[in-house]
Amino acid sequence: MTDRDDIIARLTAPGAPFEIRTEPVAGRPAKVFARRHRCLTELLEASRGFGDREYLVTVDSRLTFARHYDRVAALASVLRNEYGVGRGDRVALCAANCPEWIVGFWAAVSLGAIAVGMNSMWAAPEVAHGLDLTTPKVVLTDAARTPLVAAPVLEFGSPEYRELLDRHEGAPLRPEPVDEDDPAVILFTSGTSGRPKGATHSHRNVLAAVWFHLFNDAVAAESGRPARDRRFLLATPLFHIAALHNLAVVRLAVGDAAVLYQGKFDIHRVLDLVQAERVTNWGAVPTMLSRLVEADLSGYDLSALKTVSVSSAPSTAELKDRLREALPGAAASLSTNYGLTESSTAATLATPAELVADPDTAGRPVPNMEVRIRDADGRPVPDGTDGEIHLRGPQVMLGYFNDPAATAAAFTGDGWFRTGDLGHLRDGALFVLSRRSDLILRGAENIYPAEVEEQLAGHPGVAECIVAGLPDPDYGQLVAAKVVLRAESDVDVEELRGYLSARLARYKVPTAWFLTREALPRNATGKVVRRLVRWE
């Protein structure tokens, strides 16, 4: 047993601060933290104790914990009294990263409502699908997104928004009682059927993510590395679990600052922000770190940056080595994990020592998560044998919102979530072989070919098409489309690109195009054989 294993055993033992015990969750036994919070508003109420410490920081604004609480109370009063929002209603957030987004999230959940995180890069048809699925009572937007929304809108920073908040300034926060397993958040994940699905997370799910981080802090403190005066860079979209569940919510729980990067990712603007705000922690996706190691760092003071972690997509051993060379102090603590939208937070965690020993590992299951590998018939497989990764634990989502068929298909009869990812366990550690078969991982964005193919096939000049991910040194993968044109069609790439741009988020539009008039290879049942498609 390692020193870390010994610390974990002590912290999770009966009577210990992070005691883990078995309780029923969704009618089945699960490992849970015994002393956990029971609803998100417990965190919000406790945050008042951090007073004038900074919670949300941007280039031109600073919001303390005390002021954040007051703004949440005012906006909650607006939502309740002006829009009739109550327990179980949906409040959609359709905006780029900004402090108001986070205030809106906390205001919604304080009312017992469900915060719906809309992808701010969606095109109008995608926004319409998200709104049709979730039917929010009101959509909180920014100016760029307001024209895309056909629903009641309250636009951040607008005269109406400011007037309503001023009118409700000083209103007391009156949290609505909720059950631990009531839904709190809907975040969208790409769907194999071609439409995004709304992964529904309960208060229990999000709090399990918070307690994963609280537990890691406790392990670090027991190892002689207590957390002090941390400032976390928030550079990924708030409609992802990485930024919302595992950063913005956690920082409110522990009193750390979240430094929001806004606008299109630019590594030099990021480094300017890291330097100016003395950022100490950065949880990044591989594409961001690829830009970092390519940049000239000599003109920046990054001495405050103590910890870097990589998540949201697989990263290569070469990238990890280059990161250790570029940031020897911060990258010495380099860690990684495996998780997905449906798991709310990390399912496994690889420590810095484990990554040095084996850079391909995704780490061991976190204390309250079970990980199992099963074959195509659903049977557990021996150690070292490849199969589909299954998860079970209190952080796994309730299901897909208003989609009982997809929910039923995602779970086994005994409550395990089928990730669709392939991998194996070796001596208790997870090794991920592929992510959801045909899934394209472009930077931190998940793109299902079926979604792009469905839209592309709607063009009158397209006879058939196939979309796939091709290797890319910067993003990991790029989106490629092979299009079989109709005999009479003279459509070109620019027309197809414009057609998709009006229907899909920009990151989903292919950047590599292959136009042909030869039919795609198919098997005896008429299905396209992807492995036989030639990308030339």
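Structure: above.
Residues numbered from 1 in each chain as written. Predicted model: local features only at pLDDT ≥ 70, side-chain atom pairs only at ≥ 80, totals over all residues. Heavy atoms only, no water.

Draft legend 1. Inspection of unusual backbone geometry at higher detail. At D229, a position not held by glycine, the phi torsion is positive, near 50°. Residue position: D229 is located in the loop between α7 (203-222) and β11 (231-234). On the basis of relative accessible area, D229 is assigned to the exposed category, the value being 68%. Positive phi, close to 55°, is recorded for N402, a residue that is not glycine. Along the chain, N402 falls in the loop between β20 (399-400) and α13 (404-410). (Helix = DSSP H or I, 4+ residues; strand = E, 2+ residues; numbered from the N terminus. Buried < 20%, exposed > 50% of the residue type's maximum accessible area, 1.4 Å probe, protein only.)

Draft legend 2. Broad picture of the nonpolar core. L40, L75, L79, F105, W106, L154 and V249 are the most contacted members of the largest nonpolar core, which totals 70 residues. In terms of residues, this core owes the most to one element, helix α3 (residues 65-83), which gives 10 residues. Excluding residues within four positions of it along the chain, V249 makes contact with L40, L43, F105, W106, V206, V210 and L244. (Core = buried A, V, L, I, M, F, W, Y, C linked by side-chain atoms within 4.5 Å. Contact = heavy atoms within 4.5 Å.)

Draft legend 3. Structural detail: the pairing of strand β9 (residues 183-189). For β9, a buried count of six out of seven residues is recorded, marking the element as mostly surrounded by other parts of the structure. Both strand β6 (residues 114-117) and β9 contribute to a ladder of three bridges, which runs parallel. Looking at β9, one finds that A115 is bridged to V185. Direction of pairing for β9 relative to strand β10 (residues 197-202): antiparallel, over a ladder of six bridges. Residue pairing in the sheet places P183 in a bridge with S202 of β10. (Pairing = 2+ DSSP bridges.)

Draft legend 4. Region of the structure containing the sheet that holds strand β15 (residues 335-339). Read from one edge of the open sheet, nine strands run β4-β3-β12-β11-β13-β14-β15-β16-β17, paired in mixed fashion. Each of the sheet's edge strands pairs with one partner strand only, and the pair in question is β4 (62-64) and β17 (364-365). With three bridges connecting them, strand β3 (residues 54-57) and β4 associate as antiparallel partners. Following the sheet pairing, L56 is matched in β4 by L63. Along the sheet, helix α4 (residues 99-110) makes contact with β3, β4 and β12 (257-260), crossing β3 at roughly 125°. Seen against the sheet, helix α8 (residues 244-254) touches β3, β11 and β12 and runs at an angle of roughly 155° to β11. (Axes fitted to C-alpha atoms, helices over the stretch in contact; angles between N-to-C directions.)

Draft legend 5. Here's a closer look at the packing of aromatic side chains. Applying the stated criterion across every chain yields a total of 13 aromatic pairs. When the centroid spacing of 5.3 Å and the interplanar angle of 65° are considered together, the rings of F18 and W211 count as edge-to-face. In this pair, F18 is assigned in the loop between α1 (3-11) and β1 (20-25) and W211 in helix α7, connecting sequence segments 193 residues apart. Summarising the burial analysis for this pair, F18 and W211 share the class buried. Taking the centre distance of 5.0 Å and the plane angle of 55° together, the rings of F50 and F65 count as tilted. One end of the pair, F50, is in the loop between α2 (40-46) and β3; the other, F65, is in helix α3, and 15 residues separate them in sequence. In this pair, the class of F50 matches that of F65, namely buried. Grouping aromatic residues by their ring pairs yields a cluster made of F18, F33, W211 and F215. Sitting over the face of the ring of F232, R251 holds its NZ or CZ atom 3.7 Å from the ring centroid. In this structure, R503 is placed above the aromatic ring of Y499, and the distance from its NZ or CZ to the ring centre is 3.7 Å. (Phe/Tyr/Trp six-rings, centres within 6.5 Å; stacked < 30°, edge-to-face > 60°. Lys NZ or Arg CZ within 6 Å of the ring centre and 35° of its normal.)

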